[in-house]
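A look at the structure
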Amino acid sequence: MLVKSKTPLFQRFYLVEIVKGLAITMKQMLFGKKVTIQYPEERRNYSERFRGMHYIKATNGVENCTACMLCPTVCPAECIHIEAGERPDKEKYPVKFEIDVLRCCFCGMCEEACPKDAIKLSTIYEMSQQKRTVYDKDFLLEQRGNK
Ligand code: SF4
Ligand code: SF4
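Overview of the structure. (Residues numbered from 1 in each chain as written. Chains lettered and ligands numbered in written order. Predicted model: local features only at pLDDT ≥ 70, side-chain atom pairs only at ≥ 80, totals over all residues. Heavy atoms only, no water.)

The helix and strand tally for the protein chain stands at five helices and seven strands. Each helix and strand of the protein chain, placed in order from N terminus to C terminus, yields the pattern α-α-β-β-β-α-β-β-α-β-β-α. Over its C-alpha atoms the protein chain spans a radius of gyration of 26 Å, topping by over 25% the 15 Å that the globule rule assigns to 147 residues. By its C-alpha atoms, the protein chain is 90 × 45 × 25 Å across when sized along the principal axes. Counting only contacts in the protein chain whose residues sit at least 6 apart along the sequence, the fraction spanning at least 24 positions is 68%. Computing the positive centroid from 24 side-chain charges and the negative centroid from 19, the protein chain places the two 13 Å apart. (Helix = DSSP H or I, 4+ residues; strand = E, 2+ residues; numbered from the N terminus. Rg over C-alpha atoms; globule rule 2.2 N^0.38 Å. Contact = heavy atoms within 4.5 Å. Lys, Arg positive; Asp, Glu negative; His and termini not counted. Charge placed at Lys NZ, Arg CZ, Asp CG, Glu CD.)

Encoded structure:
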């Protein structure tokens, strides 16, 4: 058995709602707060605590990292791969240090765990232009100037 709708005909075509919606859109367009920016000419100010591209700190041209393996141990994404080596002036150093950024979730736990203040996350967020998906040691050392 068919039940007759109690909604008036003009409401069933949603005309009032469409006009109301358009009025809200026009109000926002003409008098609303600007929420978009003209990137890349304009840039947002991100917090100093923003976690972006990684880099390795160095002192006198030598990386601070002593290949203690704490960062790959705490990394929840298991995306840090280090091969340790030894040299006379320093007990250990990373022969190979790689971060697979496709797996990284930028949690910052590697930075928190590092006892040597070696692995850091910068505020750089423009990483899509990088062709590489694995950051090796040389690249990570190069980035220390671009915090
Ligand atoms: S930021 Fe997090 S996920 Fe990325 S390398 Fe560091 S510990 Fe791993
Ligand atoms: S970056 Fe820090 S935590 Fe990671 S291996 Fe080097 S010294 Fe250890």
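A word on the site of ligand 1. Every one of the 13 residues lining ligand 1 counts as a neighbour, but C75, C104, C107, G108 and C110 are closest to it. Per-class residue counts for the shell around ligand 1 are 11 nonpolar, two polar and no charged. (Near = heavy atom within 4 Å. Nonpolar A, V, L, I, M, F, W, Y, C, P; charged D, E, K, R; others polar.)

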